[in-house]
Amino acid sequence: MSEPLLIACPHCHARNRVPAERLREVPTCGRCHEALFSGHPVALDATTFDIHARDSDLPLLVDFWAPWCGPCKMMAPHFEAAAAQLEPRLRLAKVDTDAQPALGARFGIRSIPTMAVFLHGRELGRQSGAMQGGEIVRWALSLV
């Protein structure tokens, strides 16, 4: 068996150790017993962001968005569809830059929607502008 991966729960944000070969077996959280992968993006805030972006062994694809943004609303269902395709290889998350302005400022988000991929706290790539589901998947996979 390979070394276990450290994966943050999308529900309670507890860190769980899961062998890589068991990721597709619908692992559950040791704390809250919810599925570690739901096929949906997780909403992150300033408290939970680093748990997923820095302290997890999974790459994190983040959609920085705002509720008033038309292109963000148009991209939302495509981002949701990408989550179903990319998990468990990547975790997908959304950060509302209106509700979490410190995160937007921390990463220098100047336009929305902006997507960024993180692994162990390091930004691997960034893309601004709305994208279709297939484009999101191809772009994210090209970085990891």
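See the structure shown above.
The residue numbers shown here count from 1 along each chain, following its written sequence. For this predicted model, a pLDDT threshold of at least 70 governs which residues receive local features, and a threshold of 80 or more governs which side-chain atom pairs are given and counted, while totals over whole chains, interfaces and linings are taken from all residues. Calculated side-chain values reflect all of the structure's heavy atoms, with hydrogen atoms and water omitted.

Focus: the state of the cysteines
Here comes step 1: Put simply, a disulfide is two cysteine sulfurs that come within 2.5 Å. Under the counting rule described, the total for this entry stands at zero disulfides.
Here comes step 2: Considering cysteine sulfurs only, Cys32 is the nearest to Cys9, which forms no disulfide, with 3.6 Å between them.
Here comes step 3: For every residue, the accessible area obtained with a 1.4 Å probe (protein chains only) is divided by the maximum for its type, and the residue is called buried under 20%, exposed over 50%, and partly exposed between those limits. Judged by relative accessible area, which is 0%, Cys9 ranks as buried.
Here comes step 4: Cys12 takes part in no disulfide bond, and the closest cysteine sulfur, belonging to Cys29, lies 3.6 Å away.

Focus: the sheet that holds strand β7 (residues 122-128)
Here comes step 1: One open sheet accounts for five strands, arranged β3-β5-β4-β6-β7; its pairing is mixed. Strands with a single pairing partner mark the edges of an open sheet, and in this sheet they are β3 (42-43) and β7.
Here comes step 2: At least two bridges found by DSSP between two strands are what make those strands a pair. For helices the rule is a DSSP run of H or I covering at least 4 residues; for strands it is a run of E covering at least 2, with both sets numbered from the N terminus onward. Note that strand β4 (residues 60-65) and strand β6 (residues 114-119) share five bridges and pair antiparallel. Directly across from Leu61, in β6, lies its bridge partner Val117.
Here comes step 3: We call two residues in contact when some of their heavy atoms are within 4.5 Å. Axis geometry follows a simple rule: fit a line to the C-alpha atoms, using only the stretch in contact for helices, then measure angles between N-to-C directions, giving values from 0 to 180 degrees. Sheet contacts for helix α2 (residues 70-86): β4, β5 (91-96) and β6; angle to β5, the most-contacted strand, approximately 155°.

Quick look at empty space enclosed by the protein
Here comes step 1: Grid spacing is 1 Å over the protein atoms alone, the probe is 1.4 Å, and a cavity is where that probe fits but cannot get out, while a pocket is an open set with protein on both sides within 12 Å along at least five of seven lines and lining residues have an atom within 4 Å of a point. Grid points are joined across faces, edges and corners, and a volume is the space filled by probe spheres set on the points. Evaluation of the coordinates by the stated rule reveals one cavity of 30 Å³ or more.
Here comes step 2: The calculated volume of the largest cavity comes to roughly 30 Å³.
Here comes step 3: Around the largest cavity, the lining residues are Ile7, Ala8, His52, Ser56, Leu58, Leu60 and Arg91.
Here comes step 4: Each residue gets one of three labels, nonpolar for Ala, Val, Leu, Ile, Met, Phe, Trp, Tyr, Cys and Pro, charged for Asp, Glu, Lys and Arg, and polar for the others, Gly among them. For the lining of the largest cavity, the residue count by class is four nonpolar, two polar and one charged.

Just geometry here; none of it tells us what the structure is for.
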